[in-house]
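# Secondary and tertiary structure notes
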Amino acid sequence: MNRLLIIDGHAYAYRAFHAIRELNSPAGHPVNAIYGFVKMLEKMRAAIRPTHLVVVWDGGLSSERMDLLPEYKAQRPEMPGGLRTQIDEIRNYLAAAGIIDYCGEGIEADDYIACLAGCAAKIAWNVVIASADKDFMQLVSAHIGLLNPNDKTGMIWGREQVSAKTGVEPEQIAEWLALMGDAVDNIAGVPGVGPKTAAELLKQFGSIDRLYEQLDKVKSVRLRFALSAAAGVVKRNLKLVRLSEVPCDFPPEKSGMRPADLKKLQDFFRHWGFKGMLAELEAQLTEQQAELI
């Protein structure tokens, strides 16, 4: 059974950068993000055992979303300079390790991950998306699961976990987010509507369309007026939070892991001072050479 692991590159680079505060190379350059990313990747590969693997990077903000909401993600701080320089080196590591990565100009990682996961699911591959981004819960299906780094159990989230966490089904996640908004992306929702109220509304009415068709059945007068006043906002939010259809020029069958360039990996680990990783790699090489004798 083919299993595709898709990693949200920037999310894990940021996670590694903030998890390890002080770590420098022999030359004094910061390597905390590089080291942490490589270690997390090793751990995921050991746990998931994917047959195929892709790391996807953000290529900029969606122009369509920016047209809908100019302040979309505007509150996010600039990437720390110490991280920016390390991302290029993480990509160099991936190339040496035989792991494919992708960054499309003007394409948000979320959208491309959705495209790639959908293509793989259509041909009955099992897909695991590694990210803490709640937007990906809308993709969960019989063939697509989530590996949330915030869940220390290491469980692959399916429909049951999404429903338990949010109170709605994966197919309703976009509408759930549209009602309550998403502060992480600077998207305002209906005033007074949080996760619980949004879930209760969708449980009662099934969808946003039916909610607005039967708005008079909302018992709370305050909530009814808030929903009515925010009808345009909710409609806009749906377009913002739904993962977009982007050209999928990266067929899943091309995401297989290539043989690693062991010489480049040795040079990489030696250059950045990753002594433990270098020792493990050289031990493997010694074993391989012994088997050939």
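Everything below is about the structure printed above this text.
Here's what I pulled together on the structure shown here. (Residues numbered from 1 in each chain as written. Predicted model: local features only at pLDDT ≥ 70, side-chain atom pairs only at ≥ 80, totals over all residues. Heavy atoms only, no water.)

Glancing now at the side chain of Arg-65. In this structure, Arg-65 sits in helix H3 (residues 63-68). Within polar-contact distance, the side chain of Arg-65 engages the backbone oxygen of Leu-240 at 2.8 Å. Among all residues touching Arg-65, those that are not within four sequence positions of it are Tyr-72, Glu-108, Asp-111, Lys-239, Leu-240, Arg-242, Leu-243 and Ser-244. (Helix = DSSP H or I, 4+ residues; strand = E, 2+ residues; numbered from the N terminus. Polar contact = N/O pair within 3.5 Å; in protein donor to acceptor, adjacent residues only side chain to side chain. Contact = heavy atoms within 4.5 Å.)

Let us look at the sheet that holds strand E2 (residues 52-57). Strands sit in the order E3-E2-E1-E4-E5-E6 across an open sheet of 6 strands; the sheet is mixed. Taken across any chain shown, the strands that pair with only one partner, and hence form the sheet edges, are strand E3 (100-103) and strand E6 (156-157). Two elements, E2 and E3, share 4 bridges in a ladder whose sense is parallel. Among the inter-strand pairings, Val-55 is bridged to a residue of E3, identified as Asp-101. Sheet contacts for helix H5 (residues 109-122): strand E1 (3-8), E2, E3, strand E4 (126-130) and strand E5 (144-147); angle to E1, the most-contacted strand, approximately 175 degrees. (Pairing = 2+ DSSP bridges. Axes fitted to C-alpha atoms, helices over the stretch in contact; angles between N-to-C directions.)

Core analysis: the largest hydrophobic core is formed by 58 residues, its most contacted members being Ile-129, Trp-176, Leu-179 and Leu-227. In terms of residue count, the dominant contributor to this core is H5 (9 residues). Once residues within four sequence positions are removed from consideration, Leu-179 is found in contact with Gly-189, Val-190, Val-193, Ala-198, Leu-202, Ile-208, Leu-211, Leu-227 and Val-234. With 37 residues, the next largest nonpolar core counts Tyr-12, Val-38, Leu-83 and Val-128 among its residues. (Core = buried A, V, L, I, M, F, W, Y, C linked by side-chain atoms within 4.5 Å. Buried < 20%, exposed > 50% of the residue type's maximum accessible area, 1.4 Å probe, protein only.)

A word on the side chain of Asp-111. Positionally, Asp-111 belongs in helix H5. A polar side-chain atom of Asp-111 sits 2.8 Å from the main-chain amide nitrogen of Ser-244.

Attention shifts here to the packing of helix H2 (residues 32-48) against helix H4 (residues 81-96). Running from amino to carboxyl end, H2 crosses H4 at an angle of 40 degrees, the nearest separation of the two axes being 8 Å. It follows from the interaxial angle that H2 and H4 lie oblique. Crossing handedness for the pair H2 and H4: right-handed. Across from Asn-32, Ala-33, Ile-34, Phe-37, Val-38 and Leu-41 in H2, the residues of H4 making contact are Leu-83, Gln-86, Glu-89, Ile-90, Tyr-93 and Leu-94. Counted by class, the contact of H2 with H4 contains 9 nonpolar, 2 polar and 1 charged residues. (Parallel < 35°, antiparallel > 145°, perpendicular 65-115°, else oblique. Left-handed = near helix turned anticlockwise from the far one by under 90°. Nonpolar A, V, L, I, M, F, W, Y, C, P; charged D, E, K, R; others polar.)

With that out of the way, let us pick up helix H1 (residues 9-19). Because the α-helix completes a turn every 3.6 residues, residues three or four places apart line up on one side. Within the sequence span of H1, burial applies to Gly-9, His-10, Tyr-12, Ala-13, Ala-16 and Phe-17. Along the long axis of H1, the arc covered by the buried residues comes to 165 degrees, so they all point the same way. At its buried positions, H1 is contacted by E1, H2, E2, H4, E4 and E5. (Arc of directions from axis to C-beta.)

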